[in-house]
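# Chains, contacts and geometry: an overview
Residue strings, one per chain:
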Amino acid sequence: MADSDTNAPAKAKPAALRKGALVKVNRKAYSASIEAAASDPTPPDYIFNGPGELLVVKGDYGQVRWNRPVPDVWLRMDQLEAYS
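I will try to describe carefully the structure that is included in this document.

## Quick look at the overall build of the chain
- For the chain, the helix and strand inventory stands at four helices and five strands.
- Expressed as a percentage of its 84 residues, the buried residues of the chain come to 25%.
- For the chain, the exposed surface amounts to about 6,300 Å²; the carbon and sulfur share of it is 52%.

## With respect to the sheet that holds strand β2 (residues 52–58)
- Strand order in the open sheet formed by five strands is β4-β3-β2-β1-β5, with antiparallel pairing between adjacent strands. The sheet is open, and its two edges are formed by β4 (73–76) and β5 (80–82), each paired on a single side. Between one strand axis and the next, the sheet turns by 50° as a mean value, whatever way the strands run.
- Of the strand pairs in this sheet, β2 and strand β3 (residues 61–66) are connected by six bridges, and their pairing is antiparallel. Counted as the bridge partner of K58 is Y61 from β3.

## Considerations on the pattern of salt bridges
- Applying the stated criterion to the full structure yields four salt bridges.
- One salt bridge connects E35 with R76, and the closest N-O pair in it is separated by 3.3 Å. Of this pair, E35 sits in helix α3 (residues 34–37) while R76 sits in strand β4; the two residues are 41 residues apart in sequence, bridging distant segments of the chain.
- In this structure, D72 and R65 form a salt bridge, with 3.0 Å as the shortest nitrogen-oxygen distance.

Cut-offs applied
- Residues numbered from 1 in each chain as written.
- Predicted model: local features only at pLDDT ≥ 70, side-chain atom pairs only at ≥ 80, totals over all residues.
- Heavy atoms only, no water.
- Helix = DSSP H or I, 4+ residues; strand = E, 2+ residues; numbered from the N terminus.
- Buried < 20%, exposed > 50% of the residue type's maximum accessible area, 1.4 Å probe, protein only.
- Areas by Shrake-Rupley, 256 points an atom, 1.4 Å probe, with all protein chains shown as cover.
- Pairing = 2+ DSSP bridges.
- Axes fitted to C-alpha atoms, helices over the stretch in contact; angles between N-to-C directions.
- Salt bridge = Lys/Arg side-chain N within 4 Å of Asp/Glu carboxyl O.

Now the structure itself:
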C-alpha cells in the first residue's frame with residue numbers, strides 16, 4: 001500500500017450533531033433535496049429559524065422535534081446545522 005493512501009485526508013464533515021442538540025434546517029441544502037420534493041411546496045419558516053431538538057440520529061438521518069404542535073420529522077443530517 002502506498003503512503004499516499006494511508007495519508008489521504010479523511011472526508012471533511014461538519015461538526016457532528018448529537019442527540020439533544022438544538023438545530024435548524026439549512027435552506028440551501030433542503031431546497032434541492034428529495035425530502036423537499038416530497039413535502040409541501042412552501043416549507044414552514046420555523047424549520048429554518050429553529051430551534052428544533054435532535055431526538056435520534058440513525059445513520060444519515062436525524063429525527064427533529066420542533067417546539068410547536070407539529071409531528072416530529074426525519075431529515076438528512078447534512079441538511080441540519082447547529083442552532084446559534
